[in-house]
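# Coordinate inspection notes
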Amino acid sequence: MVDILVVGATGYTGHLITRYFAVHRERDSFKLGIAARSKAKLDRLVSELNLSNIQPFTVDVTNDGSIKALFDEARPRVVLSTVGPYIKWGKPLARACAHNGVHYVDITGESPFVKDLIIELDFLATKTKSILIPSCGLDSVPSDAIAYLAAQTLRSALKTMHEYSLENVGIAESHTRIAVKGGMSGGTASSVLNMVETLSRKDLMYSQTPDYLSPVKVRSPQRLKFVSSLPIVRPKRYGGIFFLIPYNISVVQRTRGLFTLYADKFDKDGDGEDLPAYAEDYSYTELWAASNRFTAFFLSLSIAMGGACLLLFPPLRWLARKILPEPGQGPSDEALEKGSLNMHNISISTPLSTTGKPIVIESHLHGRGDPSYTLTAVMASEVALSLLTPQEKLPLLARKGGVLTTMTALGPILLKRLSASGRFEMESSVRDDGTIE
Ligand SMILES: NC(=O)c1ccc[n+]([C@@H]2O[C@H](COP(=O)([O-])OP(=O)(O)OC[C@H]3O[C@@H](n4cnc5c(N)ncnc54)[C@H](OP(=O)(O)O)[C@@H]3O)[C@@H](O)[C@H]2O)c1
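Here, residues in each chain are numbered from 1, in the same order as that chain's written sequence. Given that this is a predicted model, residues contribute local features only at a pLDDT of at least 70 and side-chain atom pairs are listed and counted only at 80 or more, while totals for whole chains, interfaces and linings are drawn from all residues. Based on all heavy atoms of the structure, the side-chain values leave hydrogens and waters out of the count.

## Overview of the packing of helix H1 (residues 12–22) against helix H15 (residues 371–386)
Look at H1 against H15: their axes get within 9 Å of each other, and the N-to-C directions meet at 60°. Looking at the two axes, H1 sits oblique to H15. For H1 against H15, the interelement crossing comes out right-handed. Here Tyr12, Thr13, Leu16, Ile17, Tyr20 and Phe21 of H1 lie close against H15, whose contacting residues are Tyr373, Thr374, Thr376, Ala377, Val378, Ala380, Ser381, Glu382, Ala384 and Leu385. With axes taken as lines fitted to C-alpha atoms, and helix axes fitted only over the stretch in contact, angles between N-to-C directions fall between 0 and 180 degrees. Helix and strand labels come from DSSP, where a helix needs a run of H or I of at least four residues and a strand needs a run of E of at least two; each type is numbered from the N terminus. By the definition adopted for this analysis, an angle is roughly parallel if under 35 degrees, roughly antiparallel if over 145, roughly perpendicular if from 65 to 115, and oblique otherwise. We call a crossing left-handed when the near helix sits turned anticlockwise from the far one by less than a right angle, and right-handed when that turn is clockwise. Only heavy atoms enter the contact rule, under which two residues are in contact if any of them lie within 4.5 Å.

## Notes on the environment of Glu120
Tracing the backbone shows Glu120 in helix H6 (residues 111–128). Along the chain, Glu120 and Ala98 lie 22 residues apart, while their C-alpha atoms are 9.9 Å from each other. If sequence neighbours within four positions are ignored, Glu120 has contacts with Lys91 and Arg95. By the criterion applied in these results, polar contacts are pairs of N or O atoms within 3.5 Å in which, for protein atoms, one can donate a hydrogen and the other can accept it, and in which residues neighboring in sequence qualify only through two side-chain atoms. Within the structure, the side chain of Glu120 is placed 2.7 Å from the side chain of Arg95, a separation counted as a polar contact.

## Points about the UniProt feature "domain: Saccharopine dehydrogenase NADP binding" (unreviewed entry) in the protein chain
UniProt positions are given in the numbering used here, feature names are shortened, and annotations may be inferred rather than shown by experiment. According to UniProt, the "domain: Saccharopine dehydrogenase NADP binding" (unreviewed entry) feature falls on residues 4–108. What you have in residues 4–108 is 44% helix and 20% strand, and the ends, taken at the C-alpha atoms, are 18 Å apart.

## Observations concerning the packing of helix H5 (residues 91–100) against H6
The contact between H5 and H6 brings their axes to 8 Å, and the two run at 15°. Our classification of the angle between H5 and H6 gives roughly parallel. Classified by chirality, the crossing of H6 by H5 is right-handed. In contact with Lys91, Ala94, Arg95, Ala98 and His99 of H5, H6 contributes Phe113, Asp116, Leu117, Glu120, Leu121, Leu124, Ala125 and Thr128.

## Digging into the site of the ligand
Surrounding the ligand, one finds 30 residues, the nearest of these being Thr10, Tyr12, Asp139, Ser185 and Ser191. The contact in question runs from an oxygen atom of the ligand to an N or O atom on the side chain of Arg37, over 3.0 Å. For the accessible areas, the method is Shrake-Rupley and the probe is 1.4 Å, while residue cover comes only from the protein chains on display. About the coverage of the ligand: the protein hides 94% of its 920 Å² of free accessible area. Those elements that place two or more of their residues in the shell around the ligand are H1, helix H4 (86–89), helix H8 (186–198) and H15. Just so you know the grouping, Ala, Val, Leu, Ile, Met, Phe, Trp, Tyr, Cys and Pro go in nonpolar, Asp, Glu, Lys and Arg go in charged, and all remaining residues, Gly too, go in polar. Of the residues assigned to the shell around the ligand, the class counts are ten nonpolar, 15 polar and five charged. Residues are counted as near a molecule or strand when any one of their heavy atoms sits within 4 Å of it.

## Section: the nonpolar core
Only buried Ala, Val, Leu, Ile, Met, Phe, Trp, Tyr and Cys residues count toward a nonpolar core, and they belong to the same one when joined by side-chain atoms within 4.5 Å. We call a residue buried when its accessible area falls under 20% of the maximum for its residue type, exposed when it is over 50%, and partly exposed in between, using a 1.4 Å probe and counting protein chains only. If you look at the biggest cluster of nonpolar residues, it comprises 113 residues, and the most contacted ones within it are Ile4, Val7, Phe21, Phe71 and Tyr104. Broken down by element, this core gets its largest block of residues, ten residues, from helix H7 (residues 141–160). Leave out the neighbours within four places in its chain, and Phe21 touches Ile4, Val6, Arg27, Phe30, Leu32, Leu80, Ser381, Ala384 and Leu385. Grouped together as the second largest cluster of nonpolar side chains are six residues, Leu230, Ile346, Ile348 and Val360 included.

## With respect to the pairing of strand E2 (residues 32–36)
Counting buried positions along E2 gives five out of five residues, so the element sits mostly inside the fold. Note on handedness: a clockwise path from strand one over the helix to strand two, with the strands aimed away from the viewer, defines a right-handed crossover. In this fold, strand E1 (residues 4–7) hands off to H1, which returns the chain to E2; that crossover is right-handed. Should DSSP find at least two bridges between two strands, the strands are taken to pair. Of the pairings in the sheet, the one linking E2 to strand E3 (residues 55–58) comprises four bridges and is parallel in character. Bridged to Ile34 within E3 is Pro56.

## Digging into the packing of aromatic side chains
Each Phe, Tyr or Trp ring (for Trp, its six-membered ring) is paired with any other whose centre lies within 6.5 Å, and the angle between the two planes then decides the class: stacked below 30 degrees, edge-to-face above 60, tilted in between. Per the counting criterion, the structure on display carries twelve aromatic pairs. A ring pair is formed by Tyr278 and Tyr282, whose centres lie 4.9 Å apart and whose planes are at 85°; its orientation type is edge-to-face. Of the residues examined, Tyr278 reaches a relative accessible area of 12% and is grouped as buried. The exposure class assigned to Tyr282 is buried, which follows from its relative accessible area of 0%. Grouped by ring-pair contacts, the aromatic residues Tyr148, Phe259, Phe266, Tyr278 and Tyr282 constitute a single cluster. The ring centre of Phe30 lies 5.0 Å from the NZ or CZ of Arg27, which sits over that ring. Across from the ring centre of Tyr212, 4.8 Å away, lies the NZ or CZ of Lys115, which sits over that ring. Ring-over charges, as used throughout, are those where CZ of Arg or NZ of Lys falls within 6 Å of the ring centre and within 35 degrees of the ring normal.

## Focus: H1
Taken across its eleven residues, H1 has nine buried, putting it largely inside the fold. Turning to H1, its buried residues number three or more, namely Tyr12, Thr13, Gly14, His15, Leu16, Ile17, Thr18, Tyr20 and Phe21. Those residues of H1 that are buried lie in contact with E1, E2, helix H2 (39–48), strand E4 (78–81), helix H14 (333–338) and H15.

## With respect to a nonpolar patch on the surface
Each patch is built from salt-bridge-free residues with over 30% relative accessible area, joining like charges within 9 Å and nonpolar side chains (Val, Leu, Ile, Met, Phe, Trp, Tyr) within 5 Å. Within this document, salt bridges are pairs made up of a side-chain nitrogen of Lys or Arg and a carboxyl oxygen of Asp or Glu, the two lying within 4 Å of each other. On the surface, Leu312, Phe313, Leu316, Trp318, Leu319 and Ile323 cluster together into a nonpolar patch covering about 620 Å² of accessible area. Here the nonpolar patch takes four residues from helix H13 (residues 314–323), the largest share from any one element. Mapped onto the elements, Trp318 comes out in helix H13.

## Notes on the side chain of Asp370
Inspection of the secondary structure puts Asp370 in the loop between strand E12 (360–368) and H15. Setting aside anything within four residues of it in sequence, one finds Asp370 in contact with Lys181, Gly182, Gly183, Pro331, Leu336, Gly339, Ser340 and Leu375.

See below:
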């Protein structure tokens, strides 16, 4: 029996994940297995990384019989899949996990795939107690984490202010400015192009809406603007739009929606677990960092025009496939180490009944290494390791099972693990209202 099975280990990101696990500080405490479709590539990986005590398995994830044979032989507790595009190849493996009560982790950024998992597998997974957590990479762990951190900081602050009812005050609006330095792999390029090619324009537009994945309606969505800035912070910090933003928003709103849906369970079965303070009218937005309002405008314009051209002109997609890296390729080790992630979040609560003023929370998240690959490998691996926590010690919503987000399933456990990895730093605190410098 293996504790964690990495499927797609011979791919670009799968290789980074396998390497991270191979030298992990807790390596002696879990059994690792690796799987992919090519035995020759697996053998090469085993000898390159000197993977003694790691069992390789061959599998074709498009074939149910092959997946069954893999599950019979490996008997995994957690499957971590990096086989994408997920819309094309992801479902059979996730389905096998849900049927067999195995936990499932992936790094998809393809929202229609996640919507499909929710519709087809959420209920089944609550019956088998399987926890399915899609999107455990750059999309969308950091966004989910920083929004959750702010909501937990508010909850802790309110607990010390006895005059306020915890039910009535929550984060009303949350804004994250994101600065990313990093590259792109062939698998990512292929997944983005595959989504544009296979979905109708209507489905693609629908998949970009804030409540696409949430079980409850988003009542006050914020419109994405070509040029925006963080509220309250001076001098102004500007940003524009980027491809990842709509998906990050829908994941954060799924977290908020699941907490809202199961709110009454926290008093009954939560054993003192805190319900993060998201307000009913919670809105979340992001801006992609730009140095001033002009660069923000040109960033947004180029993203909007680039996206429209890819959608409307098939020859451009053909050209993109020629120019962008091929599946299996990605940035060099040296380039990966030069990457970084910096997030700055300002969250504003509903007004307090006594003063009529809100509480302002400022949070920061820093990541060292390429966000899409080095940090994605750390995040997805630490999610998989978190899922080895004994069932009774997992947070309330994880004990229920189903298709969850990283913060609903693992909030405090995962944040602690990410900080312990040495790749992430996070801080969050209440600020006096007024300007933040
Ligand atoms: N969310 C994020 O931030 C993030 C970050 C990185 C990557 N991703 C996503 O992760 C996915 C993988 O990216 P990548 O660059 O690592 O891709 P990649 O290098 O092409 O790797 C894909 C892996 O899947 C395996 N595979 C393909 N078809 C298979 C099948 N039928 N059965 C079993 N294994 C199969 C490949 O095996 P072979 O070696 O035999 O081809 C390879 O090991 C993409 O969807 C990408 O968008 C997301």
